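Each chain, written out:
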Amino acid sequence: MPLVARMRPFTSTIFAEMSALAVQHDAINLGQGFPDTDGPASMLQAAVGAINGGDNQYPPGIGVPALRHAIADHEREQYGIDLDPDSQVLVTVGATEAISGALLGLVEPGREVVMIEPYYDSYAACVALAGGVRKTVPLVSDGDGFVLDRDALSAAFGPNTAAVLVNSPHNPTGTVLGDDDLVEIARLATEHDVVVITDEVYEHLLFDGRTQQPIATLPGMAERTLRISSAAKTFNCTGWKVGWVTGPAELVAAARAAKQFLSYVGSGPFQPAVAHALRTEMAWARDNARDLERKRTVLSDALRSAGFGVHRSEAGYFVCADPRPLGFTDGAAFCRELPATIGVAAVPVSAFVDDTATWQHLVRFAFCKRDEVIAEAAARLRTLTEG
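In this text the structure is predicted, and so the values were computed from the model without any measurement.

A. A look at the pattern of salt bridges. Summed over all chains, the structure comprises 28 salt bridges. Between Arg 187 and Glu 184 there is a salt bridge; the shortest N-O distance is 2.8 Å. Of this pair, Arg 187 and Glu 184 both sit in helix 7 (residues 179–192), three residues apart, roughly one helical turn. Residue Glu 184 is classed as buried on the basis of its relative accessible area, which comes to 18%. Here Arg 210 and Glu 314 are joined by a salt bridge, their closest N and O atoms 3.5 Å apart. Linking Arg 210 in the loop between strand 7 (195–199) and strand 8 (225–230) with Glu 314 in the loop between strand 10 (309–310) and strand 11 (318–322), this pair joins segments that are 104 residues apart in sequence.

B. View of the packing of aromatic side chains. Inspection of every chain in the model, using the stated rule, returns 14 aromatic pairs. Each ring, one from Phe 207 and one from Phe 367, has its centre 6.0 Å from the other, and the planes form 50 degrees; the classification is tilted. Taken as a pair, Phe 207 in the loop between strand 7 and strand 8 and Phe 367 in the loop between strand 14 (363–366) and helix 14 (371–386) lie far apart in primary sequence, 160 residues in all. Residue classification places Phe 367 among the buried positions, given a relative accessible area of 0%. By way of ring pairs, the aromatic residues Phe 15, Tyr 120, Tyr 123 and Phe 352 are connected into one cluster. For the cation-ring pair, Arg 364 lies above Phe 318, with the distance from its terminal atom to the ring centre recorded as 3.5 Å. For Lys 369, the ring lying beneath its charged end belongs to Phe 34, and the centroid distance is 3.9 Å.

C. Layout of the pairing of strand 7. Of all five residues making up strand 7, five are buried, and the element is well covered by its neighbours. In strand 7, alternate side chains face the same way, and those of Val 195, Ile 197 and Asp 199 on one face and Val 196 and Thr 198 on the other are all buried. Summarising the sheet, strand 6 (residues 161–167) and strand 7 pair through five bridges and their orientation is parallel. Residue Asn 167 lies in a different strand from strand 7, and its bridge partner there is Asp 199. Direction of pairing for strand 7 relative to strand 8: parallel, over a ladder of four bridges. What sits directly across from Ile 197, in strand 8, is Leu 226.

What counts as what
Residues numbered from 1 in each chain as written. Predicted model: local features only at pLDDT ≥ 70, side-chain atom pairs only at ≥ 80, totals over all residues. Heavy atoms only, no water. Salt bridge = Lys/Arg side-chain N within 4 Å of Asp/Glu carboxyl O. Helix = DSSP H or I, 4+ residues; strand = E, 2+ residues; numbered from the N terminus. Buried < 20%, exposed > 50% of the residue type's maximum accessible area, 1.4 Å probe, protein only. Phe/Tyr/Trp six-rings, centres within 6.5 Å; stacked < 30°, edge-to-face > 60°. Lys NZ or Arg CZ within 6 Å of the ring centre and 35° of its normal. Pairing = 2+ DSSP bridges.

Nothing here speaks to function; it is all geometry.
Here it is, written out as structure tokens:
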């Protein structure tokens, strides 16, 4: 096979497979995590204005000044993080490119990257692109939720560790790491002198009164942390692919050195629109989070009524459910049957892990959909027990 060995596990994704099954069976797609409504109207209008105004050529390599300044102001206002928008902010083609750029720029081949399992599927591919070695630390059950396995976390760090990749709020479980978890990650990163790369794309979608605590705000962490976020989840514009990475100038420069040879630049007319949204539409984002919290509850209740065991979702787009009470022990097989049997698509959590045996039973459903879509999906899910 001509494909290099390190990329052979990544020739297809579970999202493509389940989305194809959803189309084939005219199923409601609760597998892939994208909203089916647009973001704030003024942001959309700003994008149209930018297109009509001629912002259709290459933007600056580090991002348009308006967006870089808006990102810096946003981090200061939200978290008290002070950034130089000219050297500590880099605009990327989505958060995925930010992660790729950070790993390619900071991880030598053969060095280890510690990351939480389950992990968003692109993480493993990004580590492989860099020639790195992933070391996974599991989340473990805690009642109806999950917590970080601190013993496994400590054991994962060693002399070959180059970086730790932290995702909180977490995809796919919806877990928000506690302050004690962040403190322990910070302690280990400092002790082993490694870089922390944080994926915080769901930073504004926390539920039940929770608030985001970036690890970069902890003592001694600002100088070793790259913080990644994007407009996709905050403003319902996943197709725009506008992300960013912030942190110490030397770490941002390392990410930029790799990033500029991936896409060079992108999303030219959308960058000023996202700058507008960061400055004027955070109230919209807060309302959106409250709406998602309600939808989380509606779908979770529907899954319980259908007979699933349901794990709590503390943030984001997803709820994880256990179909074993319905007689299904293999989540992947269950997801492949679901579109044809009841017309609903989901994804197995086993697609996000190395230890498939532990996570084999769990299934992830997305609730970032219109009310009528969730209601119809709930009705179809109930047929699993009614039949």
